[in-house]
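# Structural characterization, general
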Amino acid sequence: MADVVLSGAIRSNLLSMQNTAKMLDETQLRLATGLRVRSAIDSPTSFFTAQGLNNRASDLNNLLDAMGQATKTLEAADQGIKSILKLVESMKAVANQALETKIKATVITGNQSGALTAGVALAGLGALSAGHTITITVGDVTETVTIGAGSTQVATVQDLIDWANNTFDGDEPLTATLTDDGKLEFSATNGRDLAITASDAGTPVSLASLLGSRTSSTEGVNRDKYERDFNNLREQIEQLASDASYKGVNLLKGDLLSVFFNPDQTSQLDIQGVNLTPDGLLNIGAVANESGNHGFQTDADIKSFIDTLNAATNVLRRQASTFGANLGVVQIRQDFSASLVNTLESGASQLTVADTNEEGAKMLALQTRQQLGTTALSLANQAEQGTKRADP
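Report on the accompanying structure. What you see is a predicted model; the values in this text were computed from it and never measured.

## Considerations on the pattern of salt bridges
Opposite charge on two side chains permits them to pair, given that their charged atoms come into close proximity. Under the defined criterion, the tally for this structure stands at eleven salt bridges. We note a salt bridge from Lys102 to Asp299, for which the minimum N-O separation is 3.7 Å. Of the two residues, Lys102 sits in the loop between helix H2 (44-100) and strand S1 (106-109) while Asp299 sits in helix H6 (residues 299-352), which places them 197 residues apart along the sequence. On the basis of relative accessibility, which here comes to 53%, the residue Lys102 falls in the exposed class. Asp299 gets classed as partly exposed once you look at its relative accessible area, which sits at 29%. Here Arg192 makes a salt bridge to Asp224, at a shortest N to O gap of 2.9 Å. Here Arg192 is found in the loop between strand S6 (184-188) and strand S7 (194-200), whereas its partner Asp224 is found in helix H5 (residues 224-243), with 32 residues between them in sequence. No difference in accessibility class separates Arg192 from Asp224, as the two residues are buried. Among the ionic contacts, a cluster of salt bridges with common partners joins Lys102, Arg223 and Asp299.

## Side note on the sheet that holds strand S5 (residues 175-178)
Consider a sheet: its strands pair through backbone hydrogen bonds, and that pairing is either parallel or antiparallel. Spatially, the three strands line up as an open sheet ordered S1-S6-S5, and their pairing is antiparallel. Each edge of the open sheet carries a strand with a single partner, namely S1 and S5. Geometrically, the sheet is characterised by an average inter-axis angle of 15° between neighbouring strands, direction not taken into account. Summarising the sheet, S1 and S6 pair through four bridges and their orientation is antiparallel.

## A word on unusual backbone geometry
Non-glycine residue Lys247 carries a positive phi angle of around 55°. With respect to the helices, strands and loops of the structure, Lys247 is situated in the loop between H5 and strand S9 (256-260). With a phi close to 55°, Asn283 is a non-glycine residue in the positive phi region. Along the chain, Asn283 turns up in the loop between strand S10 (268-272) and strand S11 (289-290).

## What about the packing of aromatic side chains?
Within the structure shown, the criterion is met by four aromatic pairs. With 6.2 Å between their ring centres and 85° between their planes, Trp163 and Phe168 make a pair best called edge-to-face. An identical accessibility class is assigned to Trp163 and Phe168; each is buried. Here the aromatic cluster, defined as three or more aromatic residues joined through ring pairs, consists of Phe230, Phe296 and Phe305.

Conventions adopted
- Residues numbered from 1 in each chain as written.
- Predicted model: local features only at pLDDT ≥ 70, side-chain atom pairs only at ≥ 80, totals over all residues.
- Heavy atoms only, no water.
- Salt bridge = Lys/Arg side-chain N within 4 Å of Asp/Glu carboxyl O.
- Helix = DSSP H or I, 4+ residues; strand = E, 2+ residues; numbered from the N terminus.
- Buried < 20%, exposed > 50% of the residue type's maximum accessible area, 1.4 Å probe, protein only.
- Pairing = 2+ DSSP bridges.
- Axes fitted to C-alpha atoms, helices over the stretch in contact; angles between N-to-C directions.
- Phe/Tyr/Trp six-rings, centres within 6.5 Å; stacked < 30°, edge-to-face > 60°.

The analysis is restricted to geometry; functional conclusions fall outside its scope.
Written out as structure tokens, the structure reads:
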């Protein structure tokens, strides 16, 4: 088959149309992808510069996520401090209630018909006799003495009085006296329960000869309830501090939080946690609440605890301020990094993103050129045919 021979005019128009089609394809691709630089072939300098900017923006975006988690850790610590402050205020309220509660003695006063005298012998007094025991309980403290003439025994009413006064002391005091009208009186000045019994080798013995029909005490008032409430709240502080963690980091138990602000980790903020527990910086001791050892027994003891709670409040407020300042730094760097990411991405876009308005105008122009090229090619072909017919 013979080769097709194209005239110069037709060949020129054809090449122009091919170039227009190529340019039209390129313009359509830019409009479809939104990019004028898609690879290093398009523009090595723009492509690799934009790639570097986007890589840095991506690294900073990852750091922004880490910074966001750091702010949550600080917020968890801040919420923990606020809650602990409320518990400390509750402890103060309990201590003040204890301070306002005045202790009232628990008293047993005998009403036997015959008046006693200090020297009357216990042995042979009614149901009481030598070898019997008298047991007195004040709160959780119980002491027993035997009726008799020995050095560790009591023989008379006065001996019993002296033994009771000397034996019960500390937080479980007992005062024993004979009233002016000869009634034996026992007074537990701490307001705790008071009970007196007698026995013969375990068999109960009547105390009517000493106390008459009054063997039960009047109701006293003590502060034991407030001691228990105080210690319960103290335990809640310990538990709350342990629960104030976020993703395994607990700033209220002394953990370290490191926040990085650049991909090279050369810019960072180390936030050192503190031990905000009763046994830690708060230094809030438990109130003794045991037999013979009660922490709210005196007003001075309670005031000492209130002073400790005031000091703990100051510690919590100072630490809240410190964490707040650290949170402010992290948020400032977070905002700066977000702005920098936007700047980097915008810069990369300027190097690679196509101007849709410009590309749209180019497409219209190229489509018009393509149409005109088609018309010109048709005219050139008609002219060539007319020339061939005119030749003899």
